[in-house]
Amino acid sequence: MDKPTVVAGPATAAADSAVSDFELMRAVASQDRNAFKTFYERYAPRLGSYLLKLLKRPERVDEAMNDVMLAVWQNADRFDPAQGRLLTWLLGIAHHKGLKVLRQAGRSRAEIPFDTLPPPVVDEAEEREDASQAVAPHDPERTVLGWELGRALTWALDRLSPEHRAVIELTFGEERSYLEIAEIVGCPVNTVKTRVFHARKRLARLLAQCGHGDFASARE
Amino acid sequence: MTTLSTDVPTIDPHQAIEELLPWYANGALNPAERIAVEQHLERCSACRLELAQCRVLVTQFHDRAEAAWQPPAGHFDRLLADIDRLPPPVSANPPPPLRQRLLGWLRITPSPVRWTLALESLAVAALLLIVAMPLQRTLPDYETLSSDAEPTVAGTRLRTVFAESATIGEIQQLLHSIDAAIVAGPTTLGVYTLVVPGGDRPAEARDRAVAILRAHAQQVRLVEPLEPH
C-alpha cells in the first residue's frame, strides 16, 4: 500500500519510494509541490479506500479527498512522528473530513430505500448445507456461507450510522488497535471500546435479518 | 470495624474482556491483555461465541473485494489549483503580540487609572503570596488512605498478574521475599505494577525477583519486567 506509483519513470519511482514519510512530510511542510505529488500518489489510494467505505459514493470521496489533501498541505508541519504513525494521523484527518462531507450532504436513513433489503438467503443457505454435509448448524465460523454473508455484511454496514461503520471498518477492515482508533476518531479509548461493542450488536441484529441469526445469539 | 463503601460503579470484568475481543481477533492486543483474554475464554462460553463471531468478521473483511477509489482524471491538478486559491497563511500578517497589545492599551489609558491598576495588581500579588506561603510550610509529609498522589519509588518495575486464588497473606509474603512494593494497579485486567529496589545491582535484583515470582506459579500468573521509562 505504501508503494508509490510515480509516473515519471522507474528511477524517480525508486527515489521517491526511498523517501521516508518524515522526510516527505517535511518537504510538504516547506510547500514542495513535487513532494506533495509523491505524497498524494503514496497515500491517496489508501485514504480513498477508507473514505469510500465511510461515504459509499465516489463523488463524495472526491470531495472529501480534496479537503484531506488541502488540510495536509496546510498542516504538514504539525505531523509529529513521536506521536504516532503517519497513516494513523492521515486516517484521523480523513475520518473527520469524511464525516463533515456526510453532514453537509445531509445523509439520512430516509435516503436508503427500504426495498434494498436483500432477499432472504435462508433457503440458499440450507441448500448449500445439504450439499456440503459438512456444516455445523451452530458454529458461526462454519455455518456462514462466504458470499452470502459477504453480501449481507455489505448491506448491514450500509445501515450502520457513520460513527458505528467507521469503528467497525477501522477494527476489522483496517485492523487498527483501539489506541489508534481513539486517535483517529478523536475520542477516549473507553468510548472506542463501547462504540465497537454496540456497533457489533447492531451489526448482529442486521445480519440476523438476513438469515445469519448466529450473529444475534450473543449477550446484549 | 469500618467498612469501606463507594458510589463509584465497579467495572464488570466480563464486559471489560468482552470489549477487547475484536482486538484479540485482529491481533492488536498487547501481551498482558492477550493473556487476560485467554484466561477468561477458558471459563466463559459466551465470550468464546463472541470471539468466533469476531473472527468471522475479520475473515470476511479480509477476504472481501477491497473497495478501490481511483483519483478522477485531473484530480491532482485541480487540487493544485485549489491550493493556489488558498488565502495566504495567517502567519504572513500575524496579530501583534500580547505584550504590544497591552502596552498599546495602557498608552491610551488615563494616568490615574494606570496607577490604580498597578496598585491593585501589587495588592493581589501580595495577597496570593501570603496565602501560598503557609501552605508550602504545612504540606504534610505523610500519606493517608485518601491521598491520591502516587509515591515515587525507585527501582525496577514489574508487571504482575496474581492468581485469583492467591490470598492477601500469600501476596504479602511474596512481596516481602523480594522486597517489592505495589505502586500501581490493579488495572481492569488485574495487572499490578511492582517496584523492586535494585540498589547497586538493579538487573540482578530484577532477575531474582522475576525468578522467585515465576517459581510461585500457584499465586502468580504473569510477571514481566517493564521497560525503563
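Residues numbered from 1 in each chain as written. Chains lettered and ligands numbered in written order. Predicted model: local features only at pLDDT ≥ 70, side-chain atom pairs only at ≥ 80, totals over all residues. Heavy atoms only, no water.

Enquirer: For this particular structure, what's the right way to read the overall build of chain A?
Expert: Secondary structure summary: chain A contains 11 helices and 0 strands in total. Counting helices and strands in the order they occur from the N terminus, chain A gives α-α-α-α-α-α-α-α-α-α-α. In chain A, which comprises 220 residues, the proportion classed as buried is 49%. Of the roughly 10,500 Å² that chain A leaves accessible, carbon and sulfur atoms contribute 53%. (Helix = DSSP H or I, 4+ residues; strand = E, 2+ residues; numbered from the N terminus. Buried < 20%, exposed > 50% of the residue type's maximum accessible area, 1.4 Å probe, protein only. Areas by Shrake-Rupley, 256 points an atom, 1.4 Å probe, with all protein chains shown as cover.)

Enquirer: Would you mind going over the packing of aromatic side chains with me for this structure?
Expert: Two measures describe an aromatic ring pair: the distance that separates the ring centres and the angle between the ring planes. Using the criterion set out here, one finds 9 aromatic pairs over all chains in the structure. On the basis of an interplanar angle of 80° and a centroid distance of 5.5 Å, the ring pair of Tyr178(A) and Trp23(B) is categorised as edge-to-face. Taken together, the positions of Tyr178(A) in helix H10 (residues 178-185) and Trp23(B) in helix H1 (residues 13-25) put the pair across two chains. We classify Tyr178(A) as buried; its relative accessible area is 8%. Connected via pairs of aromatic rings, a cluster forms that spans Phe36(A), Phe39(A), Tyr40(A), Tyr43(A), Trp73(A) and Phe76(B). If you follow Lys37(A) out to its NZ or CZ, it ends over the ring of Phe76(B), 5.0 Å from the centre. Above the plane of the ring of Tyr178(A) lies Lys193(A), whose end atom (NZ or CZ) is 4.5 Å from the centre. (Phe/Tyr/Trp six-rings, centres within 6.5 Å; stacked < 30°, edge-to-face > 60°. Lys NZ or Arg CZ within 6 Å of the ring centre and 35° of its normal.)

Enquirer: Help me out: how do you make sense of the sheet that holds strand S3 (residues 191-196) of chain B in this one?
Expert: In sheet architecture, strand pairing relies on hydrogen bonds along the backbone and comes in two forms, parallel and antiparallel. Residues and elements named next belong to chain B. Taken in spatial order, the 4 strands make up an open sheet running S2-S3-S1-S4, and their pairing is antiparallel. The strands lining the two open edges of the sheet, one partner per strand, are strand S2 (181-184) and strand S4 (220-225). This sheet shows a mean twist of 35° between the axes of neighbouring strands, independent of strand direction. The pairing of S2 with S3 spans 3 bridges and is classified as antiparallel. Within S3, the position partnered with alanine 181 by the bridge is valine 195. (Pairing = 2+ DSSP bridges. Axes fitted to C-alpha atoms, helices over the stretch in contact; angles between N-to-C directions.)

Enquirer: I would appreciate a short explanation of the interface of chain A and chain B in the present structure.
Expert: In many analyses, interface size is given as the accessible surface area lost on bringing the parts together. Opposite the 50 residues of chain A that make contact, chain B presents 38 residues. The interface formed by chain A and chain B contains 4 salt bridges. Our count for the contact surface shared by chain A and chain B stands at 11 residue pairs in polar contact (both at pLDDT 80 or more). Elements represented by at least two residues in the side of chain A that touches chain B include exactly helix H3 (33-55), helix H4 (58-75), helix H7 (140-143), helix H8 (146-159), helix H9 (162-173), H10 and helix H11 (189-209) of chain A. The element that contributes the greatest number of residues to the side of chain A that touches chain B is H3(A), accounting for 10 residues. Looking at the side of chain A that touches chain B residue by residue, the classes come out as 26 nonpolar, 11 polar and 13 charged. (Contact = heavy atoms within 4.5 Å. Salt bridge = Lys/Arg side-chain N within 4 Å of Asp/Glu carboxyl O. Polar contact = N/O pair within 3.5 Å; in protein donor to acceptor, adjacent residues only side chain to side chain. Nonpolar A, V, L, I, M, F, W, Y, C, P; charged D, E, K, R; others polar.)

Enquirer: I tried to follow the confidence of the model for chain B on my own but got confused; where do I start?
Expert: Caution applies to low-pLDDT regions: their predicted coordinates should not be interpreted in detail. All names here are of chain B. With 77% of its residues at a pLDDT of 70 or more, chain B has an overall mean of 79. Note on residues 1-10: pLDDT under 50 across the span, and 0 contacts to partners over four residues away in sequence or across chains. Listed scores for the predicted complex are pTM 0.56 and ipTM 0.71. (pLDDT = per-residue confidence, 0-100.)

Enquirer: For this particular structure, what's the right way to read the confidence of the model for chain A?
Expert: Residues and elements named next belong to chain A. Of all residues in chain A, 71% have pLDDT values of 70 or greater, and the mean over the chain is 77. No element of chain A has a lower mean pLDDT than helix H6 (residues 122-132), at 36, and none a higher one than H10, at 94. Counting interchain partners and residues more than four positions distant, the pLDDT-below-50 stretch residues 1-11 has 16 contacts. Across residues 108-147, where pLDDT falls below 50, the model places 54 contacts with residues more than four positions away in sequence or in other chains.

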